[in-house]
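Each chain is listed here by its residues.
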Amino acid sequence: MAVLVLDLAGLLLLVFCTTFGAARFSRMFDDLLEGRPLPPLTNAFLAVPGAVYVLLFNGLMVALVVKEFYVANRTRTLVVNVAVFLAVALFFMAFVVAMFMPMVVTSGTIDG
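What counts as what
- Residue positions are given per chain, counted from 1 along the sequence in the order it is written.
- pLDDT decides what is reported in this predicted model: residues at 70 or higher carry local features, side-chain atom pairs at 80 or more are listed and counted, and totals for whole chains, interfaces and linings draw on all residues regardless.
- Side-chain measures were taken over the full set of non-hydrogen atoms in the model, leaving aside hydrogen atoms and water.
- Counting from the N terminus, the helices are the DSSP runs of H or I reaching at least four residues and the strands are the DSSP runs of E reaching at least two.
- Think of a polar contact as two N or O atoms within 3.5 Å of one another; within protein, one of them needs to be a possible hydrogen donor and the other a possible acceptor, and neighboring residues in sequence only count if both atoms come from side chains.
- We call two residues in contact when some of their heavy atoms are within 4.5 Å.
- Salt bridges are identified by distance alone: a Lys or Arg side-chain nitrogen within 4 Å of an Asp or Glu carboxyl oxygen.
- Partly exposed residues are those whose accessible area sits between 20% and 50% of the maximum for their type, while under 20% is buried and over 50% is exposed, using a 1.4 Å probe and protein chains only.
- What counts as an axis is a line fitted to C-alpha atoms, over the stretch in contact for a helix, and the angles between N-to-C directions run from 0 to 180 degrees.
- For classification, angles of less than 35 degrees are called roughly parallel, those exceeding 145 degrees roughly antiparallel, those between 65 and 115 degrees roughly perpendicular, and all remaining angles oblique.
- Each residue receives one of three labels: charged for Asp, Glu, Lys and Arg, nonpolar for Ala, Val, Leu, Ile, Met, Phe, Trp, Tyr, Cys and Pro, and polar for the others, Gly being one of them.
- Only residues above 30% relative accessible area that lack a salt bridge enter a patch, with like-charged residues linked at up to 9 Å and the nonpolar side chains Val, Leu, Ile, Met, Phe, Trp and Tyr linked at up to 5 Å.
- Only the protein chains shown count as cover for residues, and all accessible areas are computed by the Shrake-Rupley method using a 1.4 Å probe.
- Among buried residues, the Ala, Val, Leu, Ile, Met, Phe, Trp, Tyr and Cys ones that are joined through side-chain atoms within 4.5 Å form a nonpolar core.

Quick look at the side chain of Thr 19 now. Structurally, Thr 19 can be placed in helix 1 (residues 2-33). There is a polar contact of 2.6 Å between the side chain of Thr 19 and the backbone oxygen of Val 15. Side-chain polar atoms of Thr 19 contact the backbone oxygen of Phe 16, separated by 3.4 Å. Not counting chain neighbours up to four residues away, the residues in contact with Thr 19 comprise Gly 50 and Val 54.

Quick look at the pattern of salt bridges now. Per the counting criterion, the structure on display carries two salt bridges. Arg 74 is paired through a salt bridge with Glu 68; the nearest N and O atoms lie 2.9 Å apart. Here Glu 68 falls in the buried class, since its relative accessible area comes to 17%. One network of salt bridges, in which partners are shared, links Lys 67, Glu 68 and Arg 74.

For the pair helix 1 and helix 3 (residues 50-70), interaxial distance at closest approach is 9 Å and the crossing angle is 170 degrees. Taken together, helix 1 and helix 3 sit at an angle that is classed as roughly antiparallel. Touching Leu 4, Asp 7, Leu 8, Leu 11, Leu 12, Leu 14, Val 15, Thr 18 and Thr 19 of helix 1 are Gly 50, Tyr 53, Val 54, Phe 57, Asn 58, Leu 60, Met 61, Leu 64, Val 65 and Glu 68, all from helix 3. The class makeup of the residues in the contact of helix 1 with helix 3 is 13 nonpolar, four polar and two charged.

Turning to the environment of Ala 63, a few remarks are in order. Position of Ala 63 among the secondary structure elements: in helix 3. Note on Ala 63: relative accessible area 43%, which makes it partly exposed. Separated by 59 residues in sequence, Ala 63 and Leu 4 have C-alpha atoms that sit 11 Å apart.

This next bit is on a nonpolar patch on the surface. Residues Leu 6, Leu 78, Val 82, Phe 85 and Leu 86 make up a contiguous nonpolar surface patch of about 430 Å² in total accessible area. Of all the elements, helix 4 (residues 74-111) adds the most residues to the nonpolar patch, at four residues. As for its position among the elements, Leu 78 is in helix 4.

Let's shift gears to the nonpolar core. If you look at the biggest cluster of nonpolar residues, it comprises 20 residues, and the most contacted ones within it are Leu 11, Phe 29, Phe 45, Phe 57, Phe 95 and Met 99. Mapped onto this core, the elements with two or more residues apiece are helix 1, helix 3 and helix 4. Per-element accounting of this core gives the leading share, nine residues, to helix 1.

Structure representation (structure tokens):
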């Protein structure tokens, strides 16, 4: 049950970051990069509309809760919850890297 709670908290964090955070980063990149292209990973995250992230992550949250009622095998539910937790952690790390990568690239061009 603790892993399920972590999954749901992580998914809520992703919903917040991908909908509100990405929009703010996008506006900041317009000013920061002055017309230079964004790195491909950053473009990939920003190309997906926030509503898609909301639907995807909220759907996954509902599926995880419903799974708890319909899957009797507790080992199987734990394996699914751990797998989702790892996927959420990897997605979050990739999102953070993608959002901060343009700043690292820009600081390298300013210094060098």
